[in-house]
Amino acid sequence: MNRIILLGRLVRDPEVKVTSTQKTYCTFTLAVDRPFIAKSGQREADFIPIQTWNKTAEICGNSLSKGQRLLVEGRLQIRSYDGKDGKKHYTTEVIANRVEFIERKEKNAQTANTAPKQGFESMGQDVTQQFNEEIPF
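Residues numbered from 1 in each chain as written. Predicted model: local features only at pLDDT ≥ 70, side-chain atom pairs only at ≥ 80, totals over all residues. Heavy atoms only, no water.

Peer 1: Can you break down the overall build of the protein residue by residue, with the values?
Peer 2: Along its length, the protein carries two helices and six strands. Helices and strands in the protein line up, N terminus first, as β-β-β-β-α-β-β-α. Taking all contacts inside the protein whose residues are at least 6 apart in sequence as the whole, residues at least 24 apart take part in 57%. Surface summary for the protein: the accessible area is close to 11100 Å², and the carbon and sulfur share equals 50%. (Helix = DSSP H or I, 4+ residues; strand = E, 2+ residues; numbered from the N terminus. Contact = heavy atoms within 4.5 Å. Areas by Shrake-Rupley, 256 points an atom, 1.4 Å probe, with all protein chains shown as cover.)

Peer 1: Describe the pattern of salt bridges, naming the residues involved and giving the relevant values.
Peer 2: Considering all chains together, one arrives at eight salt bridges under this definition. A salt bridge links Arg34 to Glu44, with the shortest nitrogen-to-oxygen separation between them at 2.8 Å. Pair noted here: Arg34 is in strand S3 (residues 24–37) and Glu44 is in strand S4 (residues 43–53), with a separation of ten residues, a long-range link. A salt bridge links Arg79 to Glu93, with the nearest nitrogen and oxygen atoms 2.8 Å apart. One end of the pair, Arg79, is in strand S5 (residues 69–82); the other, Glu93, is in strand S6 (residues 88–101), with 14 residues separating them in the sequence. (Salt bridge = Lys/Arg side-chain N within 4 Å of Asp/Glu carboxyl O.)

Okay, here's the thing in structure tokens:
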């Protein structure tokens, strides 16, 4: 079985291209945190190349931007090619068949600068400022 699931952030905006046979593909790099902290106290990440095809590629190219969090499901692919130097080179990438957007694309710079709310803070609106009296219980 060859199945991989990754949660991470986009390192840069995705690139959409079309093959000579008119198939659309999209490439991007996902930064995925490692499950431990290095000796320096800093969290380290792996930068994993992702590739999507066809309609998924079009959606990713039109909807994603640098910094967004994504959940990617797909398969690991290792391929080889002969380089200009005459040596055989290997490349590893994830071919994604499913991409879920974990965060929405920010509408403008003002919302991009505000910290995202977490937990119960993200639900509903604060109505406590509307009342000046004490709650009787």
